[in-house]
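Given next are the chains, with one letter for each unit.
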Amino acid sequence: HYPLRRQRQMCIRDSSKSGAKDVKQELASAIGNVLIKQAKEEPALVSKFHNLAIGLKNSVVDDNAEPVRVAITGASGQIGYALVMRVASGQMFGGRPVILQLIELPQAMKSLQGVVMELKDCAFPLVRDIIPTDDLAKGFEDTDWALLVGAAPRKKGMERGDLIKANGSIFSAQGKALSKYAKNTCHTVVVGNPANTNAMIAQRNAPNIPAENFSALTRLDHNRGLAQLAQKTGSSVTDITKFAIWGNHSATQYPDISHTLIKGKPARELVDQKWVQEYFIPCVQQRGAEIIAARGLSSAASAASAVVDHVRDYVNGTTEWTSVAIASKGEYNIQPGLFFSYPTTIQGGVASVVESLSVDSFSTEKLELTHKELQKERDTVASLLPCLLYTSPSPRDS
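Colleague: Mind showing me how you'd approach the overall build of the chain here?
Modeller: Helix and strand counts for the chain stand at 12 helices and 14 strands. The 398 residues of the chain split such that 53% are buried. Considering only contacts within the chain whose residues lie at least 6 apart along the sequence, 73% involve residues at least 24 apart. Here the chain displays about 18,200 Å² of accessible surface, and carbon together with sulfur accounts for 51% of that area.

Written as structure tokens, this is what we have:
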């Protein structure tokens, strides 16, 4: 956690640099003074002040800042369409200008041109340029953030293994292109399913970019879990802390409330275990299928919103746990190299696993189930994994 006093100073400094009116500086100072005084008695205010500080910082358009180059694949698809508008409006990077590098398949370029027209018609003040392309070299050139949304859909009669193989060639090509054309500081977020394994494929094929700069999206599952807990307990999602998604972004994921607090009270004291096992866990696991059944289409707006949350956490840091699928280094006996969702905190653009948590027998069983699924997926695409991430043996293999 950043000290409150440092957060207050950061707000004032950044507002001043951006040429904000004095009233913004006075507001930052007033917020800081009040919350610094009360924080010792109410530690929860640390997180709330962090959010206020970030909100103030992001409300100021910084015309002098270097634009963030954001590459988005599948940009004319459902999720991509919703996502580009959120990025262009400043909801992801705040007051930083952006250059949108929108990538599509050749047959989808006409649709992408429609998206570009709409972006222009919105007259977003933060958009410095829009580059529509079906060329990965052009799309990933000097990019700071790559949001890999596009993926091959699962077709009728297709087994999950077939889907994994079909997407494997797509994400290996994208990993190679990122390694060759993107900045070596580029952050990559994989959204297209199967997201965990696609992230592993892309990362293994991008030797010029640090492994820690790759992640797969499980924030949507995290948000779904928060919403269900809030509804069940009559609380706000901001009242809930230390909730986490473990494992694969699939039906084997484990939404874990073992350490969760709601208004400072253990969640297990507020909801019964039967509800958790028979409703909550299956609901979060199967929410995507439930949405498809209801609207005839997969999640789009909620997925795009989760991507915004995910990236914003990397940019601004967190004061609470979140869920991110990152390359395992053997934490909690997960085989190194697998992209596994963990409870994490983020500072300085790096997600760190919350370690030394107690894991009961029920949770151990759930973790092992999703771990085995990810190992099976990895074995399916073994030929597409040319770069070894870690050389130390897995605790499970030793």
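Colleague: I'm lost on the sheet that holds strand β11 (residues 265–266) in this one. Help?
Modeller: Two strands in a sheet stick together by hydrogen bonds in their backbones, pointing the same way (parallel) or opposite ways (antiparallel). Strand order in the open sheet formed by three strands is β7-β10-β11, with antiparallel pairing between adjacent strands. Each of the sheet's edge strands pairs with one partner strand only, and the pair in question is β7 (240–241) and β11. Pairing of strand β10 (residues 261–262) with β11 involves two bridges; the strand directions are antiparallel. Pairing of Ile262 across the sheet is with Lys265, part of β11.

Colleague: Please clarify how the pattern of salt bridges should be interpreted in this entry.
Modeller: Considering all chains together, one arrives at seven salt bridges under this definition. The salt bridge involving Asp221 is made with Arg224; its shortest N-O contact spans 3.7 Å. Taken as a pair, Asp221 and Arg224 lie in helix α9 (residues 219–233) at a separation of three residues, close to a single helical turn. Considered together, Asp221 and Arg224 belong to a single accessibility category, that of buried residues.

Colleague: It is not clear to me how unusual backbone geometry should be interpreted in this structure. Could you clarify?
Modeller: The bulk of non-glycine residues show a negative phi, and the bulk of peptide bonds are trans. Here the amide bond leading from Asn193 into Pro194 is cis, since omega sits at -5 degrees, within 30 degrees of zero. Tracing the chain through its elements places Pro194 in the loop between β5 (187–190) and α8 (195–204). The backbone phi angle of Asp142 is positive, close to 55 degrees, even though this residue is not glycine. By relative accessible area, Asp142 is classed as partly exposed at 36%. Notably, Lys263 is not glycine yet its phi reads approximately 55 degrees, a positive angle. By the element assignment, Lys263 lies in the loop between β10 and β11. On the accessibility criterion, Lys263 (58% relative accessible area) is exposed.

Colleague: Hey, could you run me through the side chain of Thr344 in this one?
Modeller: For Thr344, the location among the structural elements is in strand β13 (residues 339–347). The exposure class of Thr344 is buried, given its relative accessible area of 0%. Setting aside its immediate chain neighbours within four residues, Thr344 contacts Glu320, Trp321, Thr322, Ser323, Val324, Ile326, Ala351, Ser352, Val353 and Val354.

Colleague: Honestly, the nonpolar core in this entry has me stumped. Any pointers?
Modeller: Soluble, globular proteins show a tendency: their nonpolar side chains are buried together. In terms of nonpolar packing, the biggest core is built from 96 residues, with Ile72, Leu83, Leu102 and Leu147 touching the most fellow members. Ranked by residue count, the leading element in this core is helix α11 (residues 301–316), at seven residues. In this structure Leu147 touches Val70, Ala71, Ile72, Thr73, Leu83, Met92, Val189, Val307 and Val311, once residues within four positions along its chain are discounted.

Colleague: Please explain the packing of α9 against α11 as it appears in this structure.
Modeller: For any two helices packed against each other, the geometry is given by the interaxial angle and the distance between the axes. α11 packs onto α9 with a crossing angle of 105 degrees between their chain directions and a minimal axis gap of 8 Å. In terms of axis orientation, α9 runs roughly perpendicular to α11. On the side of α9, the interface is formed by Arg219, Leu220 and Asn223, while α11 contributes Ser302, Ala303, Ala306, Asp309, His310 and Asp313. Of the residues contributing to the contact of α9 with α11, the split by class is three nonpolar, three polar and three charged.

Colleague: Explain the packing of aromatic side chains to me, please; I cannot follow it from the model alone.
Modeller: To describe a pair of aromatic rings, you give the distance between the ring centres and the angle between the ring planes. Counted by the stated rule, this structure contains 10 aromatic pairs. The interplanar angle of 75 degrees and the centroid separation of 6.1 Å between the aromatic rings of Trp145 and Tyr314 together place this pair among those described as edge-to-face. Note that Trp145 is positioned in strand β4 (residues 145–148) and Tyr314 in helix α11, a separation of 169 residues in sequence. There is no split in this pair, since Trp145 and Tyr314 are both buried. Relative to Phe280, the ring of Trp275 has its centre 5.3 Å away and its plane inclined at 25 degrees; by these criteria the two rings are stacked.

Colleague: Any chance you could explain the environment of Gly90 here in plain terms?
Modeller: Along the chain, the position of Gly90 falls in the loop between α4 (78–88) and β2 (98–103). Here Gly90 falls in the buried class, since its relative accessible area comes to 13%. In this structure the C-alpha to C-alpha distance between Gly90 and Val308, which are 218 residues apart in sequence, comes to 10.0 Å.

Colleague: When you look at α9 in this model, what are you seeing that I'm missing?
Modeller: Working note: α-helix, 3.6 residues per turn, so residues spaced by three or four point in the same direction. The terminal C-alpha atoms of α9, which comprises 15 residues, lie 21 Å apart, in line with the 21 Å expected from a rise of 1.5 Å per residue. Taken together, the buried positions of α9 are occupied by Arg219, Leu220, Asp221, His222, Arg224, Gly225, Leu226, Gln228, Leu229 and Ala230. On the buried face of α9, the contacting elements are β7, β8 (244–246), α10 (273–295), α11 and β12 (322–327). Looking one or two places after α9, you find Gly234, whose phi comes out positive at around 65 degrees.

Colleague: Any chance you could explain the side chain of His222 here in plain terms?
Modeller: By the secondary structure assignment, His222 is in helix α9. A relative accessible area of 4% means that His222 is categorised as buried. Setting aside residues no more than four positions away along its own chain, His222 makes contact with Phe243, Ala244, Ile245, Trp321, Thr322 and Ser323.

Colleague: What exactly am I supposed to notice about the pairing of strand β1 (residues 68–73) here?
Modeller: Side chains on a regular strand alternate between the two faces of the sheet. The buried fraction of β1 is high, at five of six residues. The pairing of β1 with β4 spans four bridges and is classified as parallel. Its bridge partner being in β4, Val70 is matched across the sheet by Trp145.

So, how was this worked out
- Residues numbered from 1 in each chain as written.
- Predicted model: local features only at pLDDT ≥ 70, side-chain atom pairs only at ≥ 80, totals over all residues.
- Heavy atoms only, no water.
- Helix = DSSP H or I, 4+ residues; strand = E, 2+ residues; numbered from the N terminus.
- Buried < 20%, exposed > 50% of the residue type's maximum accessible area, 1.4 Å probe, protein only.
- Contact = heavy atoms within 4.5 Å.
- Areas by Shrake-Rupley, 256 points an atom, 1.4 Å probe, with all protein chains shown as cover.
- Pairing = 2+ DSSP bridges.
- Salt bridge = Lys/Arg side-chain N within 4 Å of Asp/Glu carboxyl O.
- Core = buried A, V, L, I, M, F, W, Y, C linked by side-chain atoms within 4.5 Å.
- Axes fitted to C-alpha atoms, helices over the stretch in contact; angles between N-to-C directions.
- Parallel < 35°, antiparallel > 145°, perpendicular 65-115°, else oblique.
- Nonpolar A, V, L, I, M, F, W, Y, C, P; charged D, E, K, R; others polar.
- Phe/Tyr/Trp six-rings, centres within 6.5 Å; stacked < 30°, edge-to-face > 60°.
- Expected span 1.5 Å × (residues − 1).

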